[in-house]
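# Observations on chain architecture
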Amino acid sequence: MKHDEILKDKEGYPLIERYKPNERTNHWITAISFVLLAVSGLALFHPAMSWMAVFLGGGQWTRILHPFIGIVMFVSFLVLVLRFWHHNFLDATDRQWLKQMDDVLANREEKLPRIGKYNAGQKLLFWVLIVSMVGLLLTGIVMWRAWFSHLFAIDVIRVASLLHAFFAFVIIVSIIVHVYAGIWIKGSMGAMIRGTVTYGWARRHHPRWFEDEMRKRKH
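Just so you know, the residues in each chain are numbered from 1, in the order the chain's sequence is written. In keeping with the predicted nature of the model, local features appear solely for residues at pLDDT of at least 70, side-chain atom pairs appear and are counted solely at 80 or more, and the whole-chain, interface and lining totals rest on all residues. To obtain the side-chain values, all non-hydrogen atoms of the structure were used and water was disregarded.

The chain has the name Formate dehydrogenase subunit gamma in an unreviewed UniProt entry, where Pseudoduganella umbonata is given as its organism. UniProt positions are given in the numbering used here, feature names are shortened, and annotations may be inferred rather than shown by experiment. One UniProt comment on the chain, placed under Subcellular location (unreviewed entry), says "Cell membrane". Among the UniProt annotations of the chain, the heading Cofactor (unreviewed entry) holds the following wording: "heme".

Right, let's get into the overall build of the chain. Working definition: helices are DSSP H or I runs of at least four residues, strands are E runs of at least two. Numbering for both runs from the N terminus. When its secondary structure is counted, the chain shows 9 helices and 3 strands. Beginning at the N terminus, the succession of helices and strands in the chain can be written as β-β-α-α-α-α-α-α-α-β-α-α. Projected onto its principal axes, the C-alpha positions of the chain cover 60 × 35 × 30 Å. When burial is assessed residue by residue, the chain has 39% of its 219 residues classed as buried. Expressed as a percentage of contacts within the chain between residues at least 6 apart in sequence, the contacts between residues at least 24 apart total 67%. To measure how exposed things are, a 1.4 Å probe is used in the Shrake-Rupley method; for residues, cover is taken only from the protein chains shown. For the chain, the accessible surface area stands at approximately 13500 Å², while carbon and sulfur atoms represent 69% of it. Counting 26 positive and 16 negative side-chain charges, the chain places the centres of these two groups 3 Å from one another. For each residue, the accessible area found with a 1.4 Å probe, counting protein chains only, is set against the maximum for its type, and the residue is called buried under 20%, exposed over 50%, and partly exposed in between. For this analysis, residues touch if any pair of their heavy atoms sits within 4.5 Å. Neither His nor the chain termini are counted; the positive set is Lys and Arg, and the negative set is Asp and Glu. By convention, the charge on Lys lies at NZ, on Arg at CZ, on Asp at CG and on Glu at CD.

This paragraph deals with the UniProt feature "domain: Cytochrome b561 bacterial/Ni-hydrogenase" (unreviewed entry) in the chain. Per the UniProt entry, the sites bearing "domain: Cytochrome b561 bacterial/Ni-hydrogenase" (unreviewed entry) are residues 18-193 in this numbering. Structurally, residues 18-193 comprises 71% helix and 0% strand, and the distance from its first C-alpha atom to its last is 10 Å.

All axes are obtained by fitting lines to C-alpha atoms, using only the stretch in contact for helices, and the reported angles, taken between N-to-C directions, cover 0 to 180 degrees. Interaxial distance between helix H1 (residues 21-45) and helix H2 (residues 59-84) falls to 8 Å at its minimum, and their mutual angle equals 145°. For the crossing formed where H1 meets H2, the hand is left-handed. In this classification, Asp, Glu, Lys and Arg are treated as charged, Ala, Val, Leu, Ile, Met, Phe, Trp, Tyr, Cys and Pro as nonpolar, and every other residue, Gly included, as polar. Split into classes, the residues belonging to the contact of H1 with H2 amount to 12 nonpolar, 11 polar and 3 charged. It is the rotation of the near helix from the far one that decides the hand of a crossing: anticlockwise by less than a right angle makes it left-handed, clockwise makes it right-handed.

Moving on, we get to H2. To estimate the expected span of a helix, count its residues, drop one, and scale the result by 1.5 Å. The terminal C-alpha atoms of H2 lie 36 Å apart, and with 26 residues this matches the ideal 38 Å at 1.5 Å per residue to within 8%. Each residue is assigned a bend, namely the angle between axes fitted to the seven residues that terminate at it and the seven residues that start at it. Of all the bends in H2, the largest measures some 35° and sits at Leu 65, one to four residues before the proline Pro 67. Of the residues making up H2, those classed as buried are Thr 62, His 66, Pro 67, Ile 69, Gly 70, Met 73, Ser 76, Phe 77, Leu 80, Val 81 and Phe 84. On its buried face, H2 is in contact with H1, helix H5 (120-143) and helix H6 (154-184).

Below, the discussion takes up the layout of surface pockets. The computed volume of the second largest pocket comes to approximately 1100 Å³. Cavity and pocket criteria rest on a 1 Å grid covering protein atoms alone: a 1.4 Å probe that fits but cannot get out defines a cavity, protein on both sides within 12 Å along at least 5 of 7 lines defines an open pocket, and an atom within 4 Å of a point defines a lining residue. Together, 38 residues line the second largest pocket, and Gly 41, Leu 44, His 66, Met 143 and His 164 are the ones closest to its centre. Elements represented by at least two residues in the lining of the second largest pocket include exactly H1, H2, H5 and H6. In terms of residue class, the lining of the second largest pocket is made up of 28 nonpolar, 7 polar and 3 charged. Grid points are joined across faces, edges and corners, and a volume is the space filled by probe spheres set on the points.

Another aspect to go through is the UniProt feature "transmembrane region" (unreviewed entry) in the chain. Residues annotated in UniProt with the feature "transmembrane region" (unreviewed entry) correspond here to residues 28-52, 64-85, 124-147 and 159-185. Segment residues 28-52 splits into 72% helix and 0% strand. End C-alpha atoms: 21 Å apart.

Moving on: the side chain of Asn 26. The topology assignment puts Asn 26 in helix H1. Residue Asn 26 is classed as buried on the basis of its relative accessible area of 6%. If sequence neighbours within four positions are ignored, Asn 26 has contacts with Ser 76, Val 79, Leu 80 and Arg 83.

And the structure:
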């Protein structure tokens with residue numbers, strides 16, 4: 001989209017493009033891969049959850065497909081990291097935002113510091129996901145019986161299995177928080193589905209980013 005092109009909703013109110021189509025596609029490939037990995041991973045983790053293997057065609061197919069889907073998710077997430085890493089460094093504003101967590105939880109956004117494209121919570125999630133993804137990839141390679149596990153001692157495989165479960169727990173909890181926050185802040189889900197947000201949403205939740213976008217349109 002050109003900076004001087006004004007997007008509008010059905011009522012004619014102006015909109016701001018928050019995510020381009022390829023960015024949204026990248027996000028949803030990662031998200032769908034995560035869901036498939038979560039259900040298949042839980043199916044492999046404990047007999048009580050083995051019924052979830054039905055989503056990938058049964059136990060055998062689950063064991064075969066799980067690591068390959070993991071590679072897809074990692075590569076897709078890596079592309080997201082390359083797209084957005086420069087927006088996710090914590091600064092003084094973010095540290096102040098974290099100190100005012102009571103205002104955050106109470107939706108007193110008028111008392112919060114002026115936020116750029118992402119708030120401190122989103123930035124911390126970004127780095128937690130990076131660590132978890134790398135941890136899952138490395139431990140998953142050690143555990144991948146068809147290709148790599150024969151290269152490692154059994155004790156290494158056991159430790160890798162425990163760490164894999166730990167990183168999986170961290171990433172599942174993180175994504176649950178991510179989804180909840182997206183629903184809690186009305187308009188956030190729409191930004192990743194339609195790619196646009198209203199001026200009011202941007203001004204209220206990410207005022208510094210809103211001002212940056214307005215400046216771009218003037219040039």
